[in-house]
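# Structure assessment
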Amino acid sequence: MSEKQMSVLGWVATFMSVMMYVSYFPQIINNLAGQKGNFIQPLVAAINCSLWVYYGLFKKERYIPLAAANAPGIVFDLVTAITALI
C-alpha cells in the first residue's frame, strides 16, 4: 500500500472508532427499556478492530502493539453481535 492509502486507512479507522462509541446509544436505550441488546454496536466495534489490526500490521513501520490490542476485539465483538441476533 502507498503512504497515501495508509493515511486514508488510518482516518477511516479513526472514524470507525468514533462510530463505535456513537453506536452504543441504541444498545443503552434498549437495555434501559428491558429489551435485548442491539447487534449494531458490537458489529461496528468488530469492523473498527479489524481496521486497526490491518493498519498496525500493514503500514510501512509495523505497529504490533496496536494490532495485538485490537485482535481480541474482532473475535469477542463478532461473538457478541451474533449472539444478539439469536
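Above this note sits the structure.
Bear in mind that the values here come from a model prediction, so they are computed numbers and not experimental data.

Scoring rules and cut-offs
- Residues numbered from 1 in each chain as written.
- Predicted model: local features only at pLDDT ≥ 70, side-chain atom pairs only at ≥ 80, totals over all residues.
- Heavy atoms only, no water.
- Axes fitted to C-alpha atoms, helices over the stretch in contact; angles between N-to-C directions.
- Helix = DSSP H or I, 4+ residues; strand = E, 2+ residues; numbered from the N terminus.
- Parallel < 35°, antiparallel > 145°, perpendicular 65-115°, else oblique.
- Left-handed = near helix turned anticlockwise from the far one by under 90°.
- Contact = heavy atoms within 4.5 Å.
- Nonpolar A, V, L, I, M, F, W, Y, C, P; charged D, E, K, R; others polar.
- Phe/Tyr/Trp six-rings, centres within 6.5 Å; stacked < 30°, edge-to-face > 60°.
- Buried < 20%, exposed > 50% of the residue type's maximum accessible area, 1.4 Å probe, protein only.
- Expected span 1.5 Å × (residues − 1).
- Arc of directions from axis to C-beta.

### Details of the packing of helix α3 (residues 40-58) against helix α4 (residues 64-85)
- Here α3 crosses α4 at 155 degrees, and the two axes come no closer than 7 Å. For the element pair α3 / α4, the angle class is roughly antiparallel. Of the two possible hands of crossing, α3 and α4 adopt the one that is left-handed. Only Ile64, Leu66, Ala67, Asn70, Ala71, Gly73, Ile74, Asp77, Leu78, Thr80 and Ala81 of α4 make contact with α3, whose side of the interface consists of Pro42, Leu43, Ala45, Ala46, Cys49, Ser50, Trp52, Val53, Tyr55, Gly56 and Leu57.
- Broken down by class, the residue content of the contact of α3 with α4 amounts to 16 nonpolar, five polar and one charged.

### A word on the packing of aromatic side chains
- For the coordinates displayed, the defined rule picks out two aromatic pairs.
- For the ring pair Trp52 and Tyr55, a centre distance of 5.5 Å and an interplane angle of 90 degrees mean the geometry is edge-to-face. Here Tyr55 and Trp52 lie together in helix α3, a separation of three residues that amounts to about one turn. When sorted by exposure, Trp52 lands in the same class as Tyr55, which is buried.

### Observations concerning helix α1 (residues 3-22)
- Its 20 residues give α1 an end-to-end C-alpha distance of 29 Å, which sits within 8% of 28 Å, the value for a rise of 1.5 Å per residue.
- Of all the positions in α1, only Met6, Leu9, Gly10, Ala13, Met16, Ser17 and Met20 are classed as buried. Each buried residue of α1 lies within a common arc of 125 degrees when the element is viewed along its axis, so the set occupies one face. Turned more than 90 degrees away from the buried face of α1 sit Lys4 and Trp11, all of them exposed.

### A few points about the environment of Asn30
- Tracing the sequence through the fold places Asn30 in helix α2 (residues 24-32).
- Judged by relative accessible area, Asn30 falls into the buried class, the value being 19%.
- Put simply, Asn30 and Leu43 are 13 residues apart on the chain and 16 Å apart in space, counted from C-alpha to C-alpha.

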